[in-house]
Amino acid sequence: MVGAKSGTWIYPVICFFFLLASLEVDALGVPMTLLHSAVAKGAVCLDGSPPAYHFSPGSGSGANNWLVHMEGGGWCRNVEECLERKNNFRGSSNHMKPLSFSGILGKSKKYNPDFYNWNRVKIRYCDGSSFTGDVERVDPATNLHYRGARVWLAIMEDLLAKGMNKAENALLSGCSAGGLASILHCDKFRSLLPASAKVKCFSDAGYFIDGKDITGTTSIRSLYNDVVNLHGSGKNLPSSCTSSLSPSLCFFPQNVVPKMSTPLFILNAAYDAWQIKNTLAPSSADPHKSWNACKLNITSCSSDQLEKMQDFRSEFLRALPASGNSSTGMFIISCYAHCQSGSRDIWSGTDSPMIDKMSIAKAVGDWYSGRSVVRKIDCPYPCNSSCRNRIDE
């Protein structure tokens, strides 16, 4: 029998575990695999530590289906920025902490009906180049390793050995810098899997455009030029693009997607928070910081700033692939957001953002399964009342 005193703490504990059982997230965390065997191949994080991923095995009808998701987290464009990453989880697996799965990686059939029982993988991001870098030489003064492409291939080989070589269905996905990686590596991913498998790719907040800033300059080009040169990315970018354009321009999806052969779904906010902050109104173009309040909260934007953001939306829409390709799916929502597939409440919650009463989860699921052609482009801000206008990075 439980006494009154002990019951005061036992009952809350019981309630807590019932709550965990009801949650859609893998609340106790998903185990992390450190790929020590990759170190001998030079496939390492910026600091030389082994790459890592989290793996939740599939079951039932999803046992031979694979969802491989790449973590985001920007890029490092120079030695100083990469050195800073060495001391945190963006550049070293020594600093990575356990994480849970939710959203597109969630295990609930109710909230993630198309992918809940697949083999679900999250690749940690520790190279700073969207998994494209490969420089052999390591400067002993910095001990920085630019090996993102090797990391990606080493993890793919490990997953293939774990059963992905027998995949019947597969989806390569990612958010932000990982969403860009899902585009840049899409056709390569397709080539690694059985010819009989249905293979597609999904980019969340990874469609970074070659856009102009508020001064009319394409300053974003300098960022990608620095990344490509520092990490030696050129040889690992799609040759269908680099055969006609400089490698740094092949970091922009608008120059890659038209020549891709694997079906792609593009999930993006038309007013992508990262691109508004770094492409439209970077600090270099706003020395007086007049955009600071607007970049933090879209409701604080002046009428002139909103007009420039509407112009950015128009430029973004023009950069999307032509509507003639039915294999390309889209969900371009008029929210001020960045990354919308990683949490249940945005992915498929009862009050998740929608276009034409369709949630993101349903749009992606319908497109992947072939239930319908999905090409949703929202009306301009502020028409969509379902928007959270939040940044989920």
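Bear in mind the structure is a predicted one, so any value in this text is a computation, not a measurement. (Residues numbered from 1 in each chain as written. Predicted model: local features only at pLDDT ≥ 70, side-chain atom pairs only at ≥ 80, totals over all residues. Heavy atoms only, no water.)

Draft legend 1. Examining the packing of aromatic side chains more closely. Under the criterion given, the structure shown has 17 aromatic pairs. Pairwise contacts between aromatic rings join Phe 115, Trp 118, Phe 202, Phe 265, Trp 347, Trp 367 and Tyr 368 into one cluster. Between Lys 200 and the ring centre of Trp 367, over which it is positioned, the NZ or CZ distance is 4.8 Å. Its end group placed over the ring of Tyr 368, Lys 200 keeps NZ or CZ at 5.3 Å from the ring centre. (Phe/Tyr/Trp six-rings, centres within 6.5 Å; stacked < 30°, edge-to-face > 60°. Lys NZ or Arg CZ within 6 Å of the ring centre and 35° of its normal.)

Draft legend 2. Inspection of the confidence of the model for the chain at higher detail. Per-residue confidence for the chain gives a mean pLDDT of 92; residues scoring 70 or more make up 91%. Low pLDDT, under 50, characterises residues 1-24; the stretch is placed with 13 contacts to residues that sit more than four places away or in other chains. (pLDDT = per-residue confidence, 0-100. Contact = heavy atoms within 4.5 Å.)

Draft legend 3. Molecular detail of the sheet that holds strand β5 (residues 169-175). Read across the sheet, 9 strands follow the order β1-β2-β4-β3-β5-β6-β7-β8-β11 without closing on themselves; strand pairing throughout is mixed. Two strands lie at the open edges of the sheet, namely β1 (32-34) and β11 (375-377), each paired on one side alone. Here the strands of the sheet are splayed against their neighbours by 15° on average, with no regard to which way each runs. In this structure, strand β6 (residues 198-204) lies alongside strand β7 (residues 264-269), joined through 4 bridges in parallel fashion. Following the sheet pairing, Cys 201 is matched in β7 by Leu 264. Contacts from helix α4 (residues 177-184) reach β3 (65-70), β5, β6 and β7, with the element oriented near 140° to β5. (Pairing = 2+ DSSP bridges. Helix = DSSP H or I, 4+ residues; strand = E, 2+ residues; numbered from the N terminus. Axes fitted to C-alpha atoms, helices over the stretch in contact; angles between N-to-C directions.)

Draft legend 4. Structural context of the pattern of salt bridges. Counted according to the given criterion, the structure contains 13 salt bridges. Residue Asp 210 is joined to Arg 221 by a salt bridge in which the shortest nitrogen-to-oxygen separation is 2.8 Å. Here the residue Asp 210 occupies a position in the loop between β6 and α6 (220-231), and Arg 221 occupies one in helix α6, the gap between them amounting to 11 residues. On the basis of relative accessible area, Arg 221 is assigned to the partly exposed category, the value being 39%. (Salt bridge = Lys/Arg side-chain N within 4 Å of Asp/Glu carboxyl O. Buried < 20%, exposed > 50% of the residue type's maximum accessible area, 1.4 Å probe, protein only.)

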